[in-house]
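Observations on the model geometry
Here's the letter readout for the chains.
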Amino acid sequence: MRTTFVPLTTDRLLLRPLEPGDAPAIAAYRDRPEVARFQGWDTPYPLERASALVAEMASITPGEPGVWFQLAIADASDHLIGDCGFCFRADEPRICEIGFTVHPDHQGQGLGREAVGALLGWLFLERGTHRVVAYADADNTASRRVLEANGFRREGHLAASTWSKGQWRDEVLYGLLGDQWKARRAGDVEWHDDLHPGDAELLDDRIYEFNVAATGYGDGRGYTGLVRDERGKVIAGVVGWTWGGSAWVSTLWVEEHRRATGLGQSLLAAAEACARRRGCTSITLGSHSFQAPEFYRRLGYHEVCSVPDKPTGHREVYLQKRLDP
Ligand SMILES: CC(C)(COP(=O)(O)OP(=O)(O)OC[C@H]1O[C@@H](n2cnc3c(N)ncnc32)[C@H](O)[C@@H]1OP(=O)(O)O)[C@@H](O)C(=O)NCCC(=O)NCCS
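Our subject in this report is the structure included herewith. (Residues numbered from 1 in each chain as written. Predicted model: local features only at pLDDT ≥ 70, side-chain atom pairs only at ≥ 80, totals over all residues. Heavy atoms only, no water.)

It is worth spelling out the packing of helix 1 (residues 23-30) against helix 3 (residues 47-58) at this point. Relative to each other, helix 1 and helix 3 sit at 125 degrees, their axes nearing to 8 Å. As the angle between them shows, helix 1 and helix 3 are arranged oblique. The handedness of the crossing between helix 1 and helix 3 comes out as right-handed. From helix 1, Ala-23, Pro-24, Ile-26, Ala-27 and Arg-30 reach across to helix 3, where they touch Leu-47, Ala-50, Ser-51, Leu-53 and Val-54. A breakdown of the residues in the contact of helix 1 with helix 3 according to their chemical character gives 8 nonpolar, 1 polar and 1 charged. (Axes fitted to C-alpha atoms, helices over the stretch in contact; angles between N-to-C directions. Helix = DSSP H or I, 4+ residues; strand = E, 2+ residues; numbered from the N terminus. Parallel < 35°, antiparallel > 145°, perpendicular 65-115°, else oblique. Left-handed = near helix turned anticlockwise from the far one by under 90°. Contact = heavy atoms within 4.5 Å. Nonpolar A, V, L, I, M, F, W, Y, C, P; charged D, E, K, R; others polar.)

Below, the structure written as structure tokens:
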């Protein structure tokens, strides 16, 4: 006999299998372009399609590897206000992907977060799932916040990885391990003896929001310049960002045996040109005493300050150049 899904309850919600009477409510929000915008379906999303979804779910065993199972997110009166789904990987059923949608009338009240939290509890505690993943469109702030509010880590930025509504879209891959989810305790410092780029980016985003609010400058933007050899290997590059009329060079690097061939100078000139295009009046960088302070001085940079013992026995010199408009 087919196993059924035992409903999950939260403070405000019930996650239960879809029922035939849910179809009109599903069609009502899935048909809205703002709801479909970052989702796999197109609008219009008529009632017949919602009915077909409900009928299809009635024929599926929840948890069957490789098959999506969609659940109703219902309020305390058992009115459907959204849906969420899960799919265990066909080749590795201990890994599960999830997705979720909340009707616009009920968004922004923490219900998406609550529903995902309940689903995670079931996946990790009842099903013993090892890892849960989710893909969010890079511009889908609401979805990303729901995932991050539930402890998901940003694991990767997938460039033009999905074709949606007539264009290639970037996605962010989110991952959460069962062990991490079980071990976390509110308020404790969760320590990692390494630097996880996704965590760094999350903290950068949060501090950037503060910085924008404090200064009114909301034009922060990165840049990257790369030089490759004939096979495609990166042999030199520059990365940094511009913000509020100032530019910063985080890293400028040229492969050892290609130094003194003009590559560094070209990359720095490209960064300065980008800074000018973006209306910056200065460009700043840090260079260790054993690196290249002289190189920058020759190119019009002057020392602003220098930090001793960074690292021990060396200095880091901060240099700046005024940029003509
Ligand atoms: C994504 C979605 C389910 C969020 O549901 P929701 O119930 O509105 O989300 P919540 O109220 O639980 O919000 C949780 C977090 O998201 C933030 N958030 C919600 N909507 C937001 C928005 N439009 N912009 C920025 N942040 C938003 C909340 O402030 C909260 O952040 P916090 O944890 O830092 O306080 C809902 O917007 C939706 O259905 N969107 C369309 C379908 C979709 O894109 N699904 C996801 C596909 S991966």
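That shown, we press on.
Before going further, it helps to examine the packing of helix 5 (residues 141-149) against helix 7 (residues 197-215). Orientation of helix 5 relative to helix 7, taken along the N-to-C sense of each, is 115 degrees, at an axis distance of 13 Å. In the packing of helix 5 onto helix 7, the handedness of the crossing is left-handed. Taking contact as the criterion, the partners of Arg-144, Arg-145 and Glu-148 in helix 5 are, on helix 7, Glu-201, Leu-202, Arg-206 and Glu-209. The residue makeup of the contact of helix 5 with helix 7, split by class, is 1 nonpolar, no polar and 6 charged.

Phe-100, Val-102, Gly-108, Gly-110 and Asn-140 are the nearest of the 20 residues found near the ligand. In the environment of the ligand, an oxygen atom lies 2.6 Å from a nitrogen or oxygen atom belonging to the backbone of Gly-110. Computed on the free molecule, the ligand has an accessible area of 930 Å², of which 75% lies beneath the protein chains in the complex. Secondary-structure elements contributing two or more residues to the shell around the ligand are strand 5 (95-102), helix 4 (111-126) and helix 5. By residue number, the principal contributor to the shell around the ligand is helix 5, which donates 6 residues. Classifying every residue of the shell around the ligand by side-chain character gives 8 nonpolar, 10 polar and 2 charged. (Near = heavy atom within 4 Å. Polar contact = N/O pair within 3.5 Å; in protein donor to acceptor, adjacent residues only side chain to side chain. Areas by Shrake-Rupley, 256 points an atom, 1.4 Å probe, with all protein chains shown as cover.)

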